[in-house]
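What follows is each chain in one-letter form.
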There are 2 protein chains.
Amino acid sequence: MATLKQVAAHAEVSVQTVSNALNAPHRLRPDTLERVNRSIELLNYRPNRNARSLRTSAVELIGYCVPSWPNQTHLVMDQFLHALCAAAETSGRHILLFTAPAAVDGMPTYDDLHARRLVDGFVLSQTETHDPRHGWLKDRQIPFVSFGRVWKETTQPGPWVDVDGAAGSAMAVQHLHETGRRRIAFLGWPQSSGLGEDRLAGWRDRCTELGLPTGGLVVRCAEDTIDEGARATAQLIDSGQPPDGIVALSDILALGALRQLGDRGLTAGADVGVTGFDDSPRASVVSPGLTSLRQPMEQIATELIAILTGTRNDVPSERLLLPELVIRGSSAPG
Amino acid sequence: MATLKQVAAHAEVSVQTVSNALNAPHRLRPDTLERVNRSIELLNYRPNRNARSLRTSAVELIGYCVPSWPNQTHLVMDQFLHALCAAAETSGRHILLFTAPAAVDGMPTYDDLHARRLVDGFVLSQTETHDPRHGWLKDRQIPFVSFGRVWKETTQPGPWVDVDGAAGSAMAVQHLHETGRRRIAFLGWPQSSGLGEDRLAGWRDRCTELGLPTGGLVVRCAEDTIDEGARATAQLIDSGQPPDGIVALSDILALGALRQLGDRGLTAGADVGVTGFDDSPRASVVSPGLTSLRQPMEQIATELIAILTGTRNDVPSERLLLPELVIRGSSAPG
DNA sequence: CTGAAAGCGCTTACAG
DNA sequence: CTGAAAGCGCTTACAG
């Protein structure tokens, strides 16, 4: 492996000049620059990042904790990880993966990775309602950015990027309304979920704006499963005033709705328009396809990295992004 | 941030002694060791890994390329990544994620990461039939280990860990036979897949051993989709001699089989026993649950890391592991 | 525009 | 068992 010194000797300049050729090429005379570059090429020189990091005390590595218990929320994990990785690379950085116990028990791991300079900072995801990680990192002035807000806090502890769930629900209601639905139900989660309440509010507000009923049209599911989604849908159908549209809080609940409609001999789309959230891989493989609100993963990842690396001081460090309604057969009018 | 030097000053020893306290504590007198450890604790000292890596030229980071095009194979990606990460950590290492173009186009990325000392080596997965990465890395003497064999090569270019697909199929056949099935079909892929031929061979051999028929019982699906699995199952049922057992090459094809059986009014399990491969998350949420061959992810990850880090020179650097048959309702006798 | 020199924080023969 | 010193490969004021 060639070193800076060897390149310098080969190009007959000082090491400083070679370093400048790499990091501040404008400081060199064009002919010197070209000569140095030729030597770099010839010797196949690659700067040693450890040496660089030791000097600059920046490792250009971003820590990300791989979730321990894969649940339904993680159906889009692969997409997120890939997008995050790609975004990091556009700024010359990489993602370092680690595992850690949940919540505050895991904080020593974060602390250690930062203190030993394995990472410059962290991207947090799987944010929970009273997530303690944010405050902990903030107190210690460890750089981080969160994908997802910490709900039920008056002020957000630190920068974040999130998707506007209320706007998403509103888009779904609007779409179902435009395809002729007039009784649009909402399949949700228990009240403890900040994310759930956000999406519920969007549904309620848009329904009200459009003059649609909301009474008796909310069913809260105990857990995020297909069975619960099916059960809730059955409850709505049996209520005497069945809905002609269903906005589900998740793709999983929506899949349950589709199954129940099928079991009842109803056609998703023609009879009841159904939408989900997250556009998970399964949304596109079921038949009919599930209309769903896609999280703009590339944009999320780009914003997270931009905030963490401070490359965009022009944008606020709180970014609420709009989801995109991906329309498929489950909401197609008959 | 405290440095070695500061700890040394505080403990009134040389930096060498502090370094030894960390890396070779047996060299210190017990009382000195304790004094040094007290100073380390007090100053909350953490060794700077960049400085260490610069000296030792080992970064203790392992590169792993995040797959670009999430397909069905990646349903178990999350599990693998988590297991890999955990295994790396037990030896003080971490996973560095990166993106790269497919096949040989991506090799400069691997080369660059290694040359700049961002990683010590690589774990390869998503191995393809004529995967060029292995030979390329081997030629350049860049450390790597592969999850999955390079099929259709006479000798494997480098160390690998894989799951025995033939043994898996044989286990599935055995299980279906023990639950009373006597005509066991196989749902496969096109011949181009080495992995597919391996699993097919296991089915054929065990059927023959048990005196079961194999003629007319293989259907090759053009692609790994639920629709193709359903179509192939329909073909088998309509063949005049319908099977009472189906070994599917993947969970996806198996799910197609389950759907088709349901559409025909047949009960999976009681009427036709069905098994899949990989025990993907969906295997446990369908009803009846899908019997499937689980890849031993933790073991795979542990072996990969052990081989790559050379911590176990006692084991060969080629490890063929057995999958585990997870029995669910889809193979329960009536 | 270019160069000599110090130093980032460690580890490791080597000497005592 | 302990210590003084060199050096890993870079970057960065500073001087010319």
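Residues numbered from 1 in each chain as written. Chains lettered and ligands numbered in written order. Predicted model: local features only at pLDDT ≥ 70, side-chain atom pairs only at ≥ 80, totals over all residues. Heavy atoms only, no water.

Section: the protein's contact with DNA strand C
Here comes step 1: Taken together, the neighbourhood of DNA strand C is formed by 25 residues, with Q16 and T32 of chain A together with Q16, S19 and R55 of chain B sitting nearest.
Here comes step 2: Take the atoms of DNA strand C that sit within 4 Å of the protein: sugar and phosphate atoms are 65% of them.
Here comes step 3: The side chain of Q16 of chain A places a nitrogen or oxygen atom 2.5 Å from a base oxygen of DNA strand C.
Here comes step 4: Take R27 of chain A: an N or O atom from its main chain is 3.2 Å from a phosphate oxygen of DNA strand C.
Here comes step 5: Those elements that provide at least two residues to the surface near DNA strand C are α2 (15-23) and α4 (49-56) of chain A together with α2 (15-23) and α4 (49-56) of chain B.
Here comes step 6: With 5 residues, the single largest contributor to the surface near DNA strand C is α4 of chain B.
Here comes step 7: Across the surface near DNA strand C, the residue classes tally to 8 nonpolar, 11 polar and 6 charged. (Near = heavy atom within 4 Å. Polar contact = N/O pair within 3.5 Å; in protein donor to acceptor, adjacent residues only side chain to side chain. Helix = DSSP H or I, 4+ residues; strand = E, 2+ residues; numbered from the N terminus. Nonpolar A, V, L, I, M, F, W, Y, C, P; charged D, E, K, R; others polar.)

Some words on the pairing of strand β6 (residues 184-188) of chain A
Residue and element names in this part refer to chain A.
Here comes step 1: Along β6, 5 of the 5 residues are buried, which leaves the element largely enclosed by surrounding structure.
Here comes step 2: Neither face of β6 is left uncovered, since the one carrying I184, F186 and G188 and the one carrying A185 and L187 both have all their residues buried.
Here comes step 3: With 4 bridges connecting them, β6 and strand β8 (residues 245-248) associate as parallel partners. Looking at the pairing, I184 lines up with G245 of β8.
Here comes step 4: Read as a crossover between parallel neighbours, the route from β6 over helix α9 (residues 194-209) to strand β7 (residues 218-220) is right-handed. (Buried < 20%, exposed > 50% of the residue type's maximum accessible area, 1.4 Å probe, protein only. Pairing = 2+ DSSP bridges. Right-handed = clockwise from strand over helix to strand, strands pointing away.)

So, the domain arrangement of chain A
Here comes step 1: According to the domain assignment, chain A contains domain 1 (4-47), domain 2 (61-163 + 297-321) and domain 3 (165-295 + 325-331).
Here comes step 2: Each of domain 1 of chain A and domain 2 of chain A has a C-alpha centre, and the two are 37 Å apart. (Domains from an automatic or database assignment.)

Observations regarding the nonpolar core
Here comes step 1: Of all hydrophobic cores here, the largest spans 54 residues; its most connected members are L97 of chain A together with L97 of chain B.
Here comes step 2: Residues within four places of L97 of chain B in sequence aside, it is in contact with L81, C85, E89, H94, I95 and L97 of chain A together with Y64, V66 and L81 of chain B. (Core = buried A, V, L, I, M, F, W, Y, C linked by side-chain atoms within 4.5 Å. Contact = heavy atoms within 4.5 Å.)

Section: the relation of the copies chain A and chain B
Here comes step 1: Screw-axis analysis of chain A against chain B gives a translation of 0.1 Å along the axis, an RMSD of 0.1 Å, and a rotation angle of 180°. Such values leave the two copies arranged in the relation of a two-fold axis. Judged by C-alpha distance, L96 of chain A is the residue of chain A that lies nearest the rotation axis, at 2.3 Å.
Here comes step 2: When the interface residues of chain A are mapped onto chain B, 100% of them again lie at the interface, so the same face is used by both copies. (Least-squares fit on C-alpha atoms with pLDDT ≥ 70 in both.)

So, the packing of α2 of chain B against helix α3 (residues 30-43) of chain B
The axes of two packed helices give the description: the angle between them and the distance between them.
All names here are of chain B.
Here comes step 1: In the contact formed by α2 and α3, the axes pass within 10 Å of each other and the chain directions differ by 90°. Viewed along their axes, α2 and α3 adopt a mutual orientation that is roughly perpendicular. Taken together, the residues of α3 that come into contact with α2 (itself represented by T17, V18, A21 and L22) are T32, L33, V36 and I40.
Here comes step 2: Counted by class, the contact of α2 with α3 contains 6 nonpolar, 2 polar and no charged residues. (Axes fitted to C-alpha atoms, helices over the stretch in contact; angles between N-to-C directions. Parallel < 35°, antiparallel > 145°, perpendicular 65-115°, else oblique.)

Brief notes about the sheet that holds β8 of chain A
Within a beta sheet, neighbouring strands are joined by backbone hydrogen bonds and run either parallel or antiparallel to one another.
All names here are of chain A.
Here comes step 1: Read from one edge to the other, the open sheet built from 6 strands follows the order β7-β6-β8-β9-β10-β12, with strand pairing classed as mixed. Pairing within the sheet leaves two strands with one partner each, and these edge strands are β7 and β12 (324-326). For this sheet, the mean angle separating the axes of adjacent strands, direction not counted, is 20°.
Here comes step 2: Pairing of β6 with β7 involves 3 bridges; the strand directions are parallel. Of the residues in β7, the one forming a bridge with G188 is R220.
Here comes step 3: Those strands touched by helix α8 (residues 165-178) are β6, β8, β9 (273-277), β10 (291-294) and β12, and its axis lies near 165° from that of β9.
Here comes step 4: The strands that α9 touches are β6, β7, β8 and β9; relative to β6, the one it contacts most, it runs at about 170°.

Concerning the protein's contact with DNA strand D
Here comes step 1: Taken together, 25 residues lie around DNA strand D, and Q16, S19 and R55 of chain A together with Q16 and T32 of chain B are the ones closest in.
Here comes step 2: Across the atoms of DNA strand D situated within 4 Å of the protein, the share located in sugar and phosphate is 64%.
Here comes step 3: One of the side-chain N or O atoms of Q16 of chain A is found 2.6 Å from a base nitrogen in DNA strand D.
Here comes step 4: Looking at the surface near DNA strand D, the elements that each hand over two or more residues are α2 and α4 of chain A together with α2 and α4 of chain B.
Here comes step 5: Counting residues per element, the surface near DNA strand D draws most heavily on α4 of chain A, which supplies 5 residues.
Here comes step 6: Taken together, the residues of the surface near DNA strand D break down into 8 nonpolar, 11 polar and 6 charged.

Notes on the environment of R49 of chain B
Here comes step 1: Relative to the elements of secondary structure, R49 of chain B occurs in helix α4.
Here comes step 2: Residue R49 of chain B is classed as buried on the basis of its relative accessible area, which comes to 7%.
Here comes step 3: Distance in space between the C-alpha atoms of R49 of chain B and L97 of chain B is 19 Å, their sequence separation being 48 residues.
Here comes step 4: Among all residues touching R49 of chain B, those that are not within four sequence positions of it are R116 and L118 of chain A together with V59, E60 and G92 of chain B.

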